[in-house]
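Structure assessment
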Amino acid sequence: MLRDLFAREAIAQIPKILTLLDRNPHSPTYGCFDRNFWQYKIIDFPSGMAQEFVLPLALAYQTDLPDNPFYQQPALRDWVEAGILYAARSAHMDGSCDDYFPFERAGGAAAFSLLACIDSYLMLNLQHEEILQFLVQRAEWLAHHHESGQLTNHQALIVLCLDLLSDLLQTSRWEKLRTERLERVLSWQHPEGWFQEYEGCDPGYHTLTISCLARIYQQRPEPTIRAALVKAVELAAHFIHPDGSYGGEYGSRNTYNFFPHGFELVGRWLPAALSINDQFLTGLNHGLAPCYADDHIIGHHTWNYLLAWRDFVPDRPAPSPRPMGRLWLRNAGILIDRRDNTELYLALNKGGVFKVFRDAQLVASDTQFSVQVLERNRLKNAVGHLVGDYALHVDQNEISIQGQLGWAKQTQMTPVNLLILRMVMLTFGRFFPNLIRKLLQNMLITGKQVAPFRFHRHLIWQDGHWVVEDDLQANSWATVQSVGIGCDQTSIYVVMSRTFQKGQLQPWLDLTAQVRILPEGQSLHLERRF
């Protein structure tokens with residue numbers, strides 16, 4: 001059955017997760033999932049996010065699949081308990097944890113790992129007073145914590161944690177704070193249906209928020225949550241591509257994330273949600289899911305896939321024909337155009353980044369111009385895919401986007417930078433972690449610094465095809481070292497982005513030779529037909 005694809009994809013990740021785990025009961029780091037810390041000893045603190053990996057193990061322990069070697073293995077149960085205890089013992093006194101730098105007190109890491117610990121505790125029917133005290137302490141910290149940036153999925157995770165723990169302990173101590181945070185989640189849903197993620201709509205993180213809200217609704221079926229889920233699911237249906245892949249660089253956070261569990265839960269009362277998963281399973285069966293099997297992000301999809309398998313709805317609706325016509329999400333800056341077996345996914349707010357599918361196959365993925373410039377013996381990168389305010393003209397058969405390239409965010413850590421960050425966090429920074437986080441977000445994620453290049457992207461529907469005409473102007477071509485267009489280029493820091501997906505096998509389009517022969521003052525012109 002296609003359903004079993006969810007479980008098999010997830011179970012295949014369990015050996016790697018176990019490799020990341022310190023499984024030695026006599027080790028001082030027994031239960032730690034951060035192998036860089038306990039094994040390689042190349043970092044000086046463990047990432048609290050890594051303790052989220054207890055949940056995939058707890059679910060693998062419970063997944064009754066014929067070829068699951070981890071089913072009902074007592075060792076897994078012991079390792080899950082050890083992982084929760086390590087989360088408790090490595091946390092700060094206030095219950096918070098770090099993720100990327102000491103004394104960070106990362107809201108996302110605390111929320112993901114708390115959800116994993118609560119679910120695992122309940123699933124395995126653990127009885128441990130120290131763990132319960134830790135769960136309460138972390139929930140208390142999260143209930144009062146407000147991180148910088150608008151990340152709706154984090155807020156929804158916190159609400160879900162408070163709901164689950166309140167039910168476990170039969171308490172109402174967080175009721176007011178829980179209600180206020182849920183109101184924030186719902187207020188961050190745009191009338192177009194999407195949830196705010198930094199600078200706009202990211203289809204991938206959108207599915208994670210749906211997953212959390214679906215569980216919250218399962219706990220407490222409030223009408224406002226149901227209404228938000230209906231809008232969110234109806235929108236998500238537009239982002240499942242005709243080949244079964246999902247999302248990509250046209251979203252605000254450049255992710256290919258797809259969290260299926262929420263669609264199974266919503267599908268119990270809104271059957272259309274199930275068809276989204278069915279289409280994704282078709283893509284999964286053809287190897288179109290992205291790879292998330294690195295040391296930091298392997299956990300999210302593993303546990304979500306296993307939950308989708310566990311709660312899979314057996315009665316599925318018949319496949320529906322693909323929708324036709326145009327959907328223009330003006331505030332999200334995304335336009336989807338479907339006609340004549342051709343589907344265009346276009347980010348108007350990202351300089352015209354696009355994907356084109358024809359006859360259910362990806363034929364082009366384009367992340368706009370990228371220009372490498374030599375300035376003062378230093379290479380800099382100007383790109384056209386940053387979120388910005390571009391001049392637009394949209395007609396039925398013609399779309400025009402004009403604006404300036406921006407400088408890519410390519411800041412790397414150096415020994416000096418790391419020393420400065422450590423000194424700051426070990427002194428006054430530990431008292432202002434949210435300020436440090438906000439500064440790093442501004443440096444690595446949000447905002448755009450204009451570069452001295454102007455572009456004009458013109459898309460024309462002509463004879464059953466999209467014709468894309470591009471023009472790039474420069475103040476001077478003298479310092480330009482290389483020009484090209486990539487299928488998956490991004491330049492802001494997002495943990496879940498830059499994963500490999502089969503559609504990224506498209507080659508880099510090198511335009512350097514054309515630039516070399518351009519006279520000063522003349523623009524680079526490119527025309528393609530898809």
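Just above, that's the structure.
Notes on the structure in this doc start here. These numbers were taken from a predicted model, which means no experiment stands behind them.

Further remarks concern the overall build of the protein chain. Helix and strand content of the protein chain: 17 helices and 16 strands. The principal-axis extent of the C-alpha atoms belonging to the protein chain is close to 75 × 60 × 45 Å. Here the protein chain holds 530 residues, and 60% of them are scored as buried. Contacts spanning at least 24 positions in sequence make up 71% of the contacts within the protein chain whose residues lie at least 6 apart. For the protein chain, the distance from the average position of its 47 positive side-chain charges to the average position of its 55 negative side-chain charges is 3 Å.

Let's shift gears to the packing of helix 1 (residues 3–11) against helix 14 (residues 298–310). It is the contact of helix 1 with helix 14, at a shortest axis distance of 8 Å, that shows an interaxial angle of 150°. Accordingly, the angle class assigned to the pair helix 1 and helix 14 is roughly antiparallel. Where helix 1 crosses over helix 14, the two elements pack in a sense that is left-handed. The segment helix 1 lies against helix 14, with R3, D4, F6, A7, E9, A10 and I11 engaging T302, Y305, L306, A308, W309 and R310.

What follows deals with the layout of surface pockets. One number sums up the size of the second largest pocket: a volume of about 350 Å³. A237, A272, S275, Q279 and S320 are the residues nearest the centre of the second largest pocket, which is lined by 17 residues in total. If you list the elements that add at least two residues to the lining of the second largest pocket, you get helix 11 (223–239) and helix 13 (272–285). It is helix 13 that provides the largest number of residues to the lining of the second largest pocket, a total of six residues. Broken down by class, the residue content of the lining of the second largest pocket amounts to 10 nonpolar, four polar and three charged.

Moving on, we get to the packing of helix 7 (residues 129–144) against helix 8 (residues 152–169). At a closest axis distance of 10 Å, the pairing of helix 7 and helix 8 adopts a crossing angle of 140°. Taken together, the axis directions place helix 7 and helix 8 in an arrangement best described as oblique. Along this stretch, helix 7 crosses helix 8, giving a crossing that reads as left-handed. Between helix 7 and helix 8, the contacting residues are L132, L135, V136, A139, L142 and A143 on the first element and I158, L162, L165, L168 and L169 on the second. Its residues assigned to classes, the contact of helix 7 with helix 8 comprises 11 nonpolar, no polar and no charged.

Alignment of strand 10 (residues 391–394) against strand 11 (residues 398–407), held across four bridges, turns out to be antiparallel. The residue of strand 11 that forms the bridge with H393 is S400. Hairpin connection of strand 10 to strand 11: three residues between the antiparallel strands.

Another point: the packing of aromatic side chains. A complete count under the given rule lists 15 aromatic pairs for this structure. Relative to F258, the ring of Y246 lies with its centre 5.0 Å away and its plane at 65°, an arrangement referred to as edge-to-face. Of the two residues, Y246 is situated in the loop between helix 11 and helix 12 (261–266) and F258 in the loop between helix 11 and helix 12; the sequence distance between them amounts to 12 residues. We classify F258 as buried; its relative accessible area is 1%. What links up through ring pairs into an aromatic cluster is the set F6, F239, Y246, Y250, F258, F263, F280, Y305, Y345 and F357. When the ring centre of W328 is taken as reference, the NZ or CZ atom of R330 above it lies at 3.7 Å. Lying over the aromatic face of F103, R430 brings its terminal NZ or CZ to 3.9 Å of the ring centre.

Rules used throughout
- Residues numbered from 1 in each chain as written.
- Predicted model: local features only at pLDDT ≥ 70, side-chain atom pairs only at ≥ 80, totals over all residues.
- Heavy atoms only, no water.
- Helix = DSSP H or I, 4+ residues; strand = E, 2+ residues; numbered from the N terminus.
- Buried < 20%, exposed > 50% of the residue type's maximum accessible area, 1.4 Å probe, protein only.
- Contact = heavy atoms within 4.5 Å.
- Lys, Arg positive; Asp, Glu negative; His and termini not counted.
- Charge placed at Lys NZ, Arg CZ, Asp CG, Glu CD.
- Axes fitted to C-alpha atoms, helices over the stretch in contact; angles between N-to-C directions.
- Parallel < 35°, antiparallel > 145°, perpendicular 65-115°, else oblique.
- Left-handed = near helix turned anticlockwise from the far one by under 90°.
- 1 Å grid on protein atoms, 1.4 Å probe; cavity = no way out; pocket = protein on both sides within 12 Å on 5 of 7 lines; lining within 4 Å.
- Points joined across faces, edges and corners; volume = space filled by probe spheres on them.
- Nonpolar A, V, L, I, M, F, W, Y, C, P; charged D, E, K, R; others polar.
- Pairing = 2+ DSSP bridges.
- Phe/Tyr/Trp six-rings, centres within 6.5 Å; stacked < 30°, edge-to-face > 60°.
- Lys NZ or Arg CZ within 6 Å of the ring centre and 35° of its normal.

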